[in-house]
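Understanding the architecture of this molecule
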Amino acid sequence: MLVRTFRDAPETWFFEHAPSRTIVTPDDRVDHIILDTRFSVDRLVDMRTAALDGFQAQAHYCIEGHGIGFVDDLGHLFTQGTVIAAGIHRKIAFEAKSPMRIVTILGASPAEDHVVVRSVDEIIGSDRDVFWGNGYSRRLLVRRDGFGFALCVTQGNPDTSSPLQYRNHVESCYYVAGTGEYVWEGGSHPIDTNGGVSTVFVMNEHDAHHMVVKEESTCLSIFSPAIEGHESHSLGEGQASSY
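The rules behind these values
- Residues numbered from 1 in each chain as written.
- Predicted model: local features only at pLDDT ≥ 70, side-chain atom pairs only at ≥ 80, totals over all residues.
- Heavy atoms only, no water.
- Helix = DSSP H or I, 4+ residues; strand = E, 2+ residues; numbered from the N terminus.
- Rg over C-alpha atoms; globule rule 2.2 N^0.38 Å.
- Buried < 20%, exposed > 50% of the residue type's maximum accessible area, 1.4 Å probe, protein only.
- Contact = heavy atoms within 4.5 Å.
- Areas by Shrake-Rupley, 256 points an atom, 1.4 Å probe, with all protein chains shown as cover.
- Salt bridge = Lys/Arg side-chain N within 4 Å of Asp/Glu carboxyl O.
- Phe/Tyr/Trp six-rings, centres within 6.5 Å; stacked < 30°, edge-to-face > 60°.
- Pairing = 2+ DSSP bridges.
- Axes fitted to C-alpha atoms, helices over the stretch in contact; angles between N-to-C directions.

This paragraph deals with the overall build of the protein. A count of helical and extended segments in the protein gives 1 helix and 21 strands. Computed over C-alpha atoms, the radius of gyration of the protein comes to 17 Å, within 12% of the 18 Å expected from 2.2 N^0.38 for 243 residues, which places it in the range of a compact globule. Per-residue burial over the protein gives 56% buried out of 243 residues. The contacts in the protein between residues at least 6 apart in sequence include a share of 69% that link residues at least 24 apart. Counting every atom, the protein has about 10400 Å² of accessible surface; 46% of that belongs to carbon and sulfur.

Our focus in this paragraph is the pattern of salt bridges. One pass over the full model with this rule turns up 15 salt bridges. Here R4 and D28 are joined by a salt bridge, their closest N and O atoms 2.8 Å apart. Residue R4 is found in strand β1 (residues 2-5), and its partner D28 is found in the loop between β3 (18-24) and β4 (32-39); the two are separated by 24 residues along the sequence. A relative accessible area of 4% places D28 in the buried class.

Before going further, it helps to examine the packing of aromatic side chains. Inspection of every chain in the model, using the stated rule, returns 9 aromatic pairs. A ring pair is formed by Y175 and F201, whose centres lie 5.9 Å apart and whose planes are at 85 degrees; its orientation type is edge-to-face. Here F201 lies in strand β19 (residues 199-203) and Y175 lies in strand β17 (residues 170-184), a separation of 26 residues in the sequence. What makes Y175 buried here is its relative accessible area of 0%. On the basis of relative accessible area, F201 is assigned to the buried category, the value being 0%. Residues Y182 and F201 carry aromatic rings whose centres are separated by 4.0 Å and whose planes lie at 10 degrees to one another, so their mutual orientation is stacked. Highlighted residues: Y182 in strand β17 and F201 in strand β19, separated in sequence by 19 residues. A single burial state applies to Y182 and to F201, both of which are buried.

Glancing now at the sheet that holds strand β5 (residues 44-46). Strand order in this open sheet of 4 strands is β5-β10-β7-β8, and the pairing throughout is antiparallel. Sheet topology places β5 and β8 (74-79) at the edges, where each strand pairs with a single neighbour. Geometrically, the sheet is characterised by an average inter-axis angle of 25 degrees between neighbouring strands, direction not taken into account.

Moving on, we come to the pairing of strand β7 (residues 66-71). Relative to β8, β7 runs antiparallel, the two sharing 6 bridges. Within β8, the position partnered with H66 by the bridge is T79. In this antiparallel pair of consecutive strands, β7 and β8, the connection spans 2 residues, and D72 shows a positive phi of 50 degrees. As judged from the 5 bridges shared by β7 and strand β10 (residues 92-96), these two strands associate in the antiparallel manner. Paired with F70 across the strands is A93, a residue of β10.

Most of β19 is tucked away, with 5 of its 5 residues classed as buried. Along β19, one buried face is formed by T199, F201 and M203 and the opposite face, lined by V200 and V202, is buried too. Taken together, the 5 bridges between β17 and β19 define a ladder with antiparallel strand orientation. Along β19, the bridge assignment pairs Y174 with V200.

Structurally, V170 can be placed in strand β17. Expressed as a C-alpha distance, the spacing of V170 and V30, which sit 140 residues apart in the sequence, is 5.9 Å.

The subject of this paragraph is unusual backbone geometry. Omega for the peptide link from S224 to P225 comes to -10 degrees, which places this bond in the cis form. As for its position among the elements, P225 is in the loop between β20 (209-224) and β21 (241-242). Of note in this structure, D159 is not a glycine but carries a positive phi near 55 degrees. Mapped onto the fold, D159 is located in the loop between β15 (150-156) and β16 (160-165). A positive phi angle, close to 55 degrees, is found at H206, a residue other than glycine. By secondary structure assignment, the location of H206 is in the loop between β19 and β20. A relative accessible area of 30% means that H206 is categorised as partly exposed.

Next comes the structure, spelled out in structure tokens:
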């Protein structure tokens, strides 16, 4: 289990004119990295091409604010709860119309070269909206989308404890709202999202853990390889639930 907060994450320059924090790094060995970037208003910001070497797919999820996301110069409305995903050779840029915060996932597995623009609002009530055991998982990207990783916006119900283990995937859980803690053999760490801190838990060794939620939580769950999209947990006494 690896734990890192936004405050402690190293700064890097994946975007022109907008520094990012590398929340999950290549050294974490999960076949993807995660960046957290703040964008100023009315400035067109491109990704730096050289920074994409070694990756095959990209996904950009809007946490806060709104603006325009450009894919090969074609503009898409980009608001809170929207993802833009594409093959790594697609040119991506953003223009914020209000201060924006974007979480970027770069995947190293082979990926299809196409574009997906999708929002949480449009998948609520669909087969991508899955009750995972103690909350809902809005599965924006899954295996059939062809990007090599899955991206889920996962809600954790308050006052719950979920024993979990992913034996067939490695997972990064980046908490952007809520409080609680993760507990695993030999350690524990609070879910701290106050003041824009945000906390990531990286299960790079298929770590069994308890996800303990005190106040309703929201995390971005990234799975490598991608989950199918229908999976849910059977929670109870005894072993951690797995898929």
